[in-house]
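Coordinates in review
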Amino acid sequence: MNNETRKRIESINNGIAPAGYKKTKVGIVPEEWETIRLGNICEINRGGSPRPIEQYLTTDSNGINWIKIGDAEVGGKYITSTKEKIKPTGEKKSRKVYSGDFLLSNSMSYGRPYILQIDGCIHDGWLVISKYQHRFILDYFYYTLCSTQVQKQYDILSAGSGVQNLNKELVSQVIVMIPPLPEQQKIAEILTAQDAVIALMQKQIELLQKQKKAFLQKMFPQKGCTVPEIRFAGFTDAWEQRKLSEISEKVSKKNQDMVVDEVFTNSAEFGIISQRDYFDKDIANSENIDGYYIVEPNDFVYNPRISTLAPFGPVRRNKLDKSGAMSPLYYVFRTHDVDCGYLEYFFKTNRWHSFMHLNGNSGARSDRFAIRDEVFRDMPISMPQDIEEQKKVGDFFSTLELTITLHQRKLEIEQQKKKALMQLLLSGKVRVES
């Protein structure tokens, strides 16, 4: 970014229109850009549903695509197919839409635009924007509808009208900025290229995550086997099974003297984390945690709360390099005669799930798994006899997770870069040669 551009941005941010710019209702924009309400330049309509819908659904080949919210991929740009079709007789009671039209969800995802790549009909959970092509290039229009400038207008207009979702009248009032078509094309190309970089990085992360999942299956023995499918060279001994009670002790030390004042929680997604980080505040009263267990670095914690990610509750290791207090609802244990890294990833497999299924139940609360401490301690742990092999397994997965984390951080940087580019390019603060 050159000095001239920096001065221009600074001037606009201070509310001063530099040479070649003008003040409008939506801010300071280039003089050759037009600002106009959406309803004045394109058609906006709401969908409709033939009722009862069950009588109009069909599997016939001549059926019309019935486009539902679930047909839009989360975070996606296009709608390319539908799971259901309706009979041609339902078209008159619905809204016909065409490839190239834009759909907006008027409640869920609140104004998130999708580009249609199919023809079909939409229900009243959608708004459709059409006949925009004489003023907008498709991709530029997509980024405009995604922009912070437009999303903020939705919030302001909906708050002022008292409605809780989008409607035709509200969207029609949104003011958009329209550069000359050649400039629209250049802006769209820059943002599309950035999207391509982001998509590639997302695919790389997905591939690494799939590899991790596959290795977790193949580097720990299947039921009835004494060795894993994939093993490090130089190790040939059969793996052994030991009870959890043979390699760990339950932590029973309470926080009676308030040795620690920070409360931890055990999340299936994030592992052991401070409540302050997880909830953005302290949930437990610091004056009432004297009955909590003290969790030291490398201690393990079993959380009986079940979820999609942890159908029997997560077992995670404290990797925070500090001690904290943990609710007595959790089972805390400290290991010996086993590599902590190995055991951490053993509990990220499903090898212990069958034991839990056979020896516990969901109890009175459907969100918690019930198993007695003394039974939990009888859990069989499959492990290499050689501690060096244990360490190699733990180090392998630790390195793989670190690689995934680094890729995720790079992805976040690129996403922030795109966000900044959108704000600068779509506001006209940074110009591109057309």
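Scroll up a little and you will see the structure.
What you see is a predicted model, and the numbers here were worked out from it, not measured in a lab. (Residues numbered from 1 in each chain as written. Predicted model: local features only at pLDDT ≥ 70, side-chain atom pairs only at ≥ 80, totals over all residues. Heavy atoms only, no water.)

**Comments concerning the pairing of strand β11 (residues 113–116)**
Because side chains alternate across β11, one face comprises the buried residues P113 and I115, and the other comprises Y114 and L116, equally buried. Relative to β11, strand β7 (residues 78–79) is paired through 2 bridges, and the arrangement is parallel. Residue pairing in the sheet places Y78 in a bridge with I115 of β11. With 3 bridges connecting them, strand β10 (residues 102–105) and β11 associate as antiparallel partners. Directly across from L104, in β11, lies its bridge partner P113. (Buried < 20%, exposed > 50% of the residue type's maximum accessible area, 1.4 Å probe, protein only. Helix = DSSP H or I, 4+ residues; strand = E, 2+ residues; numbered from the N terminus. Pairing = 2+ DSSP bridges.)

**Thoughts on the packing of helix α2 (residues 138–146) against helix α5 (residues 181–218)**
Each pair of packed helices can be described by the angle between their axes along with the distance between the axes. Interhelical geometry of α2 versus α5 gives an angle of 70° and a closest axis separation of 8 Å. Taken together, the axes of α2 and α5 lie roughly perpendicular to each other. For the pair α2 and α5, the crossing hand works out as left-handed. Of the residues in α5, those in contact with D139, Y140 and Y143 of α2 are Q184, I187, A188, L191, T192 and D195. Taken together, the residues of the contact of α2 with α5 sort by class into 5 nonpolar, 2 polar and 2 charged. (Axes fitted to C-alpha atoms, helices over the stretch in contact; angles between N-to-C directions. Parallel < 35°, antiparallel > 145°, perpendicular 65-115°, else oblique. Left-handed = near helix turned anticlockwise from the far one by under 90°. Contact = heavy atoms within 4.5 Å. Nonpolar A, V, L, I, M, F, W, Y, C, P; charged D, E, K, R; others polar.)

**Considering the pattern of salt bridges**
Applying the stated criterion across every chain yields a total of 23 salt bridges. One salt bridge in this structure joins E296 and R334, with 3.7 Å as the shortest N-O distance. Here R334 lies in strand β23 (residues 331–335) and E296 lies in the loop between β19 (293–295) and β20 (300–302), a separation of 38 residues in the sequence. For E296, a relative accessible area of 33% puts it in the partly exposed group. Among the charged side chains, a network of salt bridges with common partners joins K212, R317, K319, E344, K348 and E401. (Salt bridge = Lys/Arg side-chain N within 4 Å of Asp/Glu carboxyl O.)

**Let's talk about the sheet that holds β7**
Adjacent strands of a sheet form backbone hydrogen bonds with each other and so pair up, either parallel or antiparallel. With respect to topology, 5 strands assemble into an open sheet ordered β4-β13-β10-β11-β7, the strand pairing being mixed. The sheet is open, and its two edges are formed by β4 (43–46) and β7, each paired on a single side. Across 4 bridges, the pairing between β10 and strand β13 (residues 126–130) is antiparallel. Considered in β13, the bridge of L103 is made with V128. Contacts between α2 and the sheet are confined to β7, β10, β11 and β13, with β11 contributing the most and set at about 155° to the helix.

**Concerning the packing of α5 against helix α11 (residues 387–427)**
Packing of α5 against α11 brings their axes to within 10 Å, and their N-to-C directions diverge by 165°. The orientation of α5 relative to α11 falls into the category roughly antiparallel. Between α5 and α11 lies a crossing whose hand is left-handed. In terms of residue class, the contact of α5 with α11 is made up of 19 nonpolar, 8 polar and 7 charged.

**What about the sheet that holds β23?**
In spatial order, the strands read β16-β23-β20-β21; together these 4 strands make up an open sheet with antiparallel pairing. Each edge of the open sheet is held by one strand with a lone partner, namely β16 (248–250) and β21 (315–317). Direction aside, the axes of adjacent strands within the sheet are offset by 30° on average.

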